[in-house]
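Residues per chain are reported as follows:
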Amino acid sequence: MTRVGKYHLALIGAAALILLLSLVRIMSGQDDLTSSGTFNAALLLAVPIGLAGLGGLWAERAGVVNIGLEGMMVLGTWFAGWAGYQWGPMAALLAGLLGGALGGLIHAVATVTFGVDHIISGVAINLLGPGITRFLSEVLYGEGTSASAKGAGITTSPAISSSAPEVSLPVLSDGPDLLGKLESTHWFLLSDLAGILRGVTHDVNALVILAVLLLPVTYLVLWRTSFGLRLRSAGENPWAAESLGVNVYRIKYLAVVVSGAFAGLGGVFLVFVSNKYVEGQTQGRGFIGLAAMIFGNWRPGGLAAGSSLFGYASGLQLRSSGEVSAVTSFFLFGSLLLLIYIALQVRKLVAPGQPAEVVARGVKDYTVIAAAAAGAILLFWLWRTVETLPSEFVYITPHVLTLLVLLVASQHLRMPKADGVRFRRGDQH
Amino acid sequence: MPAGLNRALLTVAGAVVAIVLAIAISSVAIIAAGASPIDAFAAFFDFGETARSVSNGIAAFLNRAVPLFIAGLAVAVGFRMNLFNIGVEGQYRIAAICAAFVGSTFTAPKPIQIAVIIVVAAVVGGAYALIPAIMKVTRGVNEVISTIMLNYIAISLSSYLVRGPFTGERAAGQLTTTTPQLPESAMFPNLNFVFDWFGLLPPTRGGGVWGFLLVAVVLGLVIWVVLERTRFGFNVKASGLNGPAAFASGVNPKKMVIAAMVLSGAIAGLIGLPEILGDKGAFNSNFTAGLGFLGIAVALLGRNKPVGIAIAALLFAFLDRAQGALQIADVPSSVITIIQGVIVLLVVIANEVTNRIALRLEEQRAARQLGTNKPVEVAA
Amino acid sequence: MSSDTLAAVQPAVELEGITKRFPGVVANHDIRITVEPGTVHAIVGENGAGKSTLMKILYGMQKPDEGTIKVNGREVTFRTPSDAIDVGIGMVHQHFMLADNFTVLENIVLGAEPTKAGVLDTGKARARIAQLASSHGLRVDPDALVEDLGVGDRQRVEILKVLYRGARILILDEPTAVLVPQEVEELFQNLRELKADGLTVIFISHKLDEVLNIADAITVIRRGTTVASVNPAEVTARRLAELMVGSELPTPETRESTVREDVTLSVSRLTMEAGGFRPVPKGTSVGLYVDKLREEGKRLLLDDVSFDIHAGQILGVAGVEGNGQSELIEAIMGMRPAHGTITLGGVDISAWSTLKRREAGIGYIPEDRHRQGLLLEASLWENRVLGHQTRPPARSGIWVDRRASKADTERIVKEYDVRTPSVDTLALALSGGNQQKLIVGREMSGEPSFLIAAHPTRGVDVGAQAAIWDHLRNARAAGLAVLLISADLDELIGLSDTIRVILRGRLVAELDPSDVTPERLGGYMTGAIAGTEET
Amino acid sequence: ACGGGDGGTSASTQPSSGASSEAPKGGLKVGLAFDVGGRGDKSFNDAAYAGLEKAKTELNADIKELSPAADGSNRGDLLRQLADAGYNPIIGVGFAYGDDIKKTAAEYPDVQFAVVDSASNGPNVTGLLFAEEQGSYLAGVAAATKSKSGHVGFVGGVENDLIKKFQAGFVMGVKSVKPDMKIDIKYLTPDGDFSGFKAPDKGKVAAEKMFQDGADIVYHAAGDSGLGVFQAAAAAKKKAIGVDSDQRQTVKETDLQAVIMTSMLKRVDVGVFEFVKAFQGGAKGGSNTVYDLKVDGVGLSTTGGEIDDIKDKLDAAKKDIVDGKVTVPSKP
Ligand SMILES: Nc1ncnc2c1ncn2[C@@H]1O[C@H](COP(=O)(O)OP(=O)(O)OP(=O)(O)O)[C@@H](O)[C@H]1O
Ligand SMILES: Nc1ncnc2c1ncn2[C@@H]1O[C@H](COP(=O)(O)OP(=O)(O)OP(=O)(O)O)[C@@H](O)[C@H]1O
Ligand SMILES: [Mg+2]
Ligand SMILES: [Mg+2]
């Protein structure tokens, strides 16, 4: 019952968001807010974050904190590049997975077998990942190696022999491209929807589909299978699980190795995008993936929302090259959101059927409404007056947005109860 | 007490085994790279042939250790309370640029000028750390996410400042953007005279051995005293060991989060100062980044205790110093990072293992004492 | 199968010469027990006697250093609990082993999940649980979250977990410690049904009347060794107690009243919402606001709680766990905001911080010493400082006065008979009873005028229990006001001057301990007897 | 593409390579310290290394090159190590060396230093400066002339003053052809965050938007992120302009080669080699050597022949600059 309710609430929320976006687009004339290009970019940028986050989700649901995602992702990129240039994309995929899984294995040995503090192990892996890959590059891609002749350098691998396939939704976003046509009409709501749909269905890398599928798959595996139940029990109460005959060590090992593999897959994706390994191309996405996972309350749906938000904001940021940047429309967006909030609050205050003197109408409520109103006016004024933001303020759009959303909605996060706890077989708890 | 001695010996043995293992693992890597491990390890101790290069190498080594040590302290203060301040990175960046700018706007006698700069750095670092602290206590925002995001924001913000409001004059043809040059009175005196004591040539490198080393030592002492001897330190320790118990004992967890985070940020604010006051004389776009992240490793390796952090910082700095020496010996210098990572991992693993061995030894002792146990008289 | 006929000849469990050592402790030494099938076999012994350790060995959670285990006549060695589960052994642990964030169903099926193509078959599981529940009279809601359940429900979930795995031999480690008499009786009814179905139950308790009530055979363990096997029909509780401790059980009798005129602590109209505290709007009285909350059907954790405690009085609060005791404590300690007024010695302290309240003379023996009372990884003297950071002897300016703290810890160690090598020992090295004595000593320091004692002797052995009772009694005689919360009804009746019963956040009855039995008290606690609303 | 530039605008003399009066006796020992990324980056650092190698083969120099730590914190120490090990001259690659070279040069007055992309700041320091803005101007002219849509773009890796030189020149070049042309400009990361040079995905997203908005040629100065720009161009069937080296040759993917209309060359190799050669000839520091269009220190590559048809126009533009008729600003 409640779950269905939540699900519907999420749908309604998404619909309201799109409506609002559409409104903002019409008002500001920034078509890029809902263009297919933006959403395509958002998808591209969200996928590696989402994959890293999924890695985090698997590990932390089994009770192992994984701050080493970044290092595992780095391993994934390097091995993907190394295998990819020799044997093609499939090999890249496999090698990247294995590379990440190797990082996961190290983490598992340290944390599960030896009971090392999870953060320490993760930090060590974040040192090791870049160290090992750089070392391997120096050895294998150095001057005079065969790879070097194929275009490798210390900081890059040769290009992958052939790139991963890209697909589009036939008719709708390809060929006749009906969605594209609809999008270019710039109608209210309809074009926005078309843009969003086309963005996520046009020229989509095969790995994106895999990555997106992994979200529901993760949900099904972790929340619908017996394996998932055991895995989550290792994160909630491993002592109970152990006492029921669950092999907690094995579960944790598996979870952490899968975690590394997913982070590695995120690396593979980055390699596919640039068609080769480039040193430093993970750009801290392991950390952002971790953040997205916490943002998403250790759940696949929330993680998807978190990485999408980040991907969307980054995409918009990177695409705002003109004089008037689409990013300024966020002022308008925020202003409208605050207006809606005020309206809801006011309605609650004047709602009939409650004796006036008993209504919880503290000073605090009024202050909040007043502050919201002031904020709305300020944001609206900013939107009207600010033509171009200093580019430095544009770069931080995704980060600021994430912080703002967290400020509004982070009260109810609940992490697995035994997350980060070192578990020893036979110990009492 | 024999059991205690046993334990201490085991710990030392564990650390030694860990380092030997780390050396073995990196040797494998070095051999795989087609180089000689002996050359490689010689390179770590090879400070050059001339007296000048030796003292320069020592200076480079010590100068690297100073910011690492401060970064480790900053991270450790948070960890002591189970607060994971990944944001040291951003905090020191913002603090450095603000301190460098403020320091350049006036001239005062050296002690005052330097003190003002240090205070500004600490205040700015603390203030920047206050943001995630307030977000945590008022809205429950996880400090891991907020500080990660604030790190990115700090980069953009400092870039904006150094190119905009805080920008300084620079010579024609110089592309590095920078804050105004600090007056001479802001530069921290160096410690080169110490070399004379040991009959060594003082280092010639820019600034020599940074005098800020002394500040770091004092800071380490102060932090040790604060954490181990004061009521505040007791509260930090209690909150870290057992939050609910600390709460029940009257410690206000919100205040503690804010205090610990701000203290951590204030210390973080100082990370950039040795470089600025000892060498660069300004904050510029090539300012050393990443010390905050290294600080995490240093703090963890040093077990969040000032002495341990000092040892860890020296070890990391010692390894880092060999960057050039290794290349001269034709060994891939990335082996340094590998050694650092492996040591962090192995030292903690060794620690766990020795703990377990100690426990088992105690169990055996118990078994031996079984003979001396009085048999329980069976009634009825 | 032939197991029934076999069982008639073969004992269900045979333990031979089991020995288990921990660092510094020999938990089990040459234990011998034979459990006949289809019986309830009780194991009794004081705290730390080694009962739990033995059962963990039988359940494969710990490996014995020596000795053999036979199940149904066959010798077995267990590497993990699943080996024990495989031969039909199930265990309900002394502390709940449940994942709070899981549903009842998930907790029950964990490790033995019915699946369809790898997917959890909840339908099948639900049916099986319903069937087990009805056939053994264990009602549960399979979809409820465990964190929302009370202790009785949790206990049933634990038993269902075991039954669900088809266990024929059940180990119950102190299942009654947290139950009220009515619930205990309910549990015993279940056990009898299980026994009738041919199951074997190994039952651990140190409540001797319970043991005599349910057991078919009793084994007594003292200091890790089996000292006697007795037939419950031929033994009295008194005799059993002597076997356990070698001396008589102490009683918490405190009859002569020391209650004085002056009210030390006065609580009035204390109310706490479930959904989080919201301040009462301006211009509204607390009463009106609370009425409105009630009207709206908001759940109240504390509902209009008022009482006074006089100097020299012990007010006992009885109640099934989870009925607002913790919230009451937290409200008085200032750890959780609530509506209403609290005065200490006539001063309104409602708005004070926890620290200020402690400084004003409130002591607090927390219900869970490991969670709220101790820094396990810190030394004893540091634990002495905890809660007294701002008061002498611990404080000197901004510093912690280590010398004075250590000296005062020495005093506590001596006065309260805390058995420890030194005050620098880490708290985790002490046994539970000694830890508790340290806490009691600490909370009695600094001359408190009011003490909250929550389960002051829970899980503490007989000797320590008597000592703690003595200390409480002496302090009471010296004028200390005490709020005593305990699940041990004998303790409650024996120590209190007045007993109030708390049910769903309300004080529902005021009883005179001199004419109340545990059974009647249990009736009030469960709501079976309607409360005598306070006047 | 271009012949070796000889000499600089402000270099005092042009001694011939053989005649050396003050060349060190024990042979030529040249040290070089790379920018972050190090040797083998197939770009800026490797270009410098190519010059060094040429010095090795042609001038018989003993060479040593060192890469800094990932955070670049030890640039100064590398220079000192080279000096202590007897290397002279010593070259720092990248403007980030400016400060360190200044200090080190003061400490080692007997050693000659050079710094790429930064001005001389000591009597024994030679600044090897490149007129990126001039080369970029030509790139702008080429882009504007070739553009059919009247809309071009520029993607910079990191928003620092070096990359802004590229932008300034490019914009002016474009405007010189069509003043009302639309130019999209995007940087990937702020100054101080050098990850913008290593983010092909970001480059791709930024360029994609430009192409979607109608741009048909995008010029990049974004290091490895330029790969993304090429990919976006290939996907949109549009063109891109490479940077630093002749990327039509260094990029190995054939589909990407095809979109690289031309590349703005920055002959760091020439700069390094010429400096070593001049040193051997006894040249002293204290001045800058500017590698500009006049000496072909910058220019456009012609591999693929895509700009052959506008050669006249480019030559004219070049001539205007060389003759001083047009001055290209180095700031946007
Ligand atoms: N994991 C362990 N490590 C060390 N000592 C232990 C461990 N578990 C139990 N002990 C010790 O073994 C002894 C027996 O403990 P056990 O828990 O079996 O007692 P018990 O009879 O169940 O007591 P209680 O009535 O308090 O539950 C105690 O002295 C205890 O301190
Ligand atoms: N995991 C463990 N490792 C080491 N020693 C332990 C462990 N668990 C218990 N002990 C030992 O057991 C003793 C106290 O534990 P025990 O569980 O018997 O206490 P208790 O009286 O049952 O307290 P509680 O009711 O709080 O569990 C101490 O001597 C402690 O050293
Ligand atoms: Mg116990
Ligand atoms: Mg027990």
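Residues numbered from 1 in each chain as written. Chains lettered and ligands numbered in written order. Predicted model: local features only at pLDDT ≥ 70, side-chain atom pairs only at ≥ 80, totals over all residues. Heavy atoms only, no water.

A. Summary view of the overall build of chain A. Across its full length, chain A holds 18 helices and two strands. Counting the 429 residues in chain A, one finds 60% classified as buried. Long-range contacts, defined here as pairs at least 24 residues apart, represent 79% of the contacts in chain A between residues at least 6 apart. With an accessible surface of roughly 16,400 Å², chain A has 70% of that area assigned to carbon and sulfur atoms. (Helix = DSSP H or I, 4+ residues; strand = E, 2+ residues; numbered from the N terminus. Buried < 20%, exposed > 50% of the residue type's maximum accessible area, 1.4 Å probe, protein only. Contact = heavy atoms within 4.5 Å. Areas by Shrake-Rupley, 256 points an atom, 1.4 Å probe, with all protein chains shown as cover.)

B. Main features of the pairing of strand β6 (residues 151-159) of chain D. Residue and element names in this part refer to chain D. Counting buried positions along β6 gives nine out of nine residues, so the element sits mostly inside the fold. Here eight bridges tie β6 to strand β7 (residues 182-190), and the two strands are oriented parallel to one another. Within β7, the residue paired with Val 155 across the bridge is Lys 186. As a crossover connection, the stretch from β6 through helix α5 (residues 161-177) into β7 is right-handed. Pairing of β6 with strand β8 (residues 217-221), which is carried by five bridges, proceeds in the parallel orientation. Looking at β8, one finds that Val 152 is bridged to Ile 217. (Pairing = 2+ DSSP bridges. Right-handed = clockwise from strand over helix to strand, strands pointing away.)

C. Examining the confidence of the model for chain A more closely. Chain-level statistics for chain A give a pLDDT mean of 84 and a share of 90% at 70 or above. For the stretch residues 355-359 of chain A, pLDDT sits under 50, and the model shows seven contacts to residues farther than four places along the chain or on other chains. (pLDDT = per-residue confidence, 0-100.)

D. Geometry of the interface of chain B and chain D. Listed per partner, the contact involves 35 residues of chain B and 36 residues of chain D. Between the two partners, chain B and chain D, sit five salt bridges. The shortest N-O distance in the salt bridge between Arg 170 of chain B and Asp 161 of chain D comes to 2.3 Å. Inspection of the region where chain B meets chain D yields 13 residue pairs in polar contact (both at pLDDT 80 or more). Those elements that place two or more of their residues in the side of chain B that touches chain D are α3 (51-80), α6 (143-163), α12 (273-280) and α15 (323-328) of chain B. Of the residues assigned to the side of chain B that touches chain D, the class counts are seven nonpolar, 18 polar and ten charged. (Salt bridge = Lys/Arg side-chain N within 4 Å of Asp/Glu carboxyl O. Polar contact = N/O pair within 3.5 Å; in protein donor to acceptor, adjacent residues only side chain to side chain. Nonpolar A, V, L, I, M, F, W, Y, C, P; charged D, E, K, R; others polar.)

E. The arrangement of unusual backbone geometry in detail. A cis amide bond links Asn 88 of chain D to the next residue, Pro 89 of chain D, at an omega of 10°. Structurally, Pro 89 of chain D can be placed in the loop between α2 (75-84) and β3 (90-92). The backbone of Asn 82 of chain B sits at a positive phi, close to 60°, despite the residue not being glycine. Here Asn 82 of chain B lies in the loop between α3 and α4 (88-104). In this model, Glu 174 of chain C sits at a positive phi of 45°, which is unusual for a non-glycine residue.

F. View of the interface of chain B and chain A. Counting residues at the interface gives 48 residues for chain B, matched by 47 residues for chain A. Our count for the chain B to chain A interface comes out at two salt bridges. Salt-bridge contacts for Glu 392 of chain A lead to Arg 163 of chain B; the nearest nitrogen and oxygen are separated by 2.6 Å. Counting across the chain B and chain A interface gives ten residue pairs in polar contact (both at pLDDT 80 or more).

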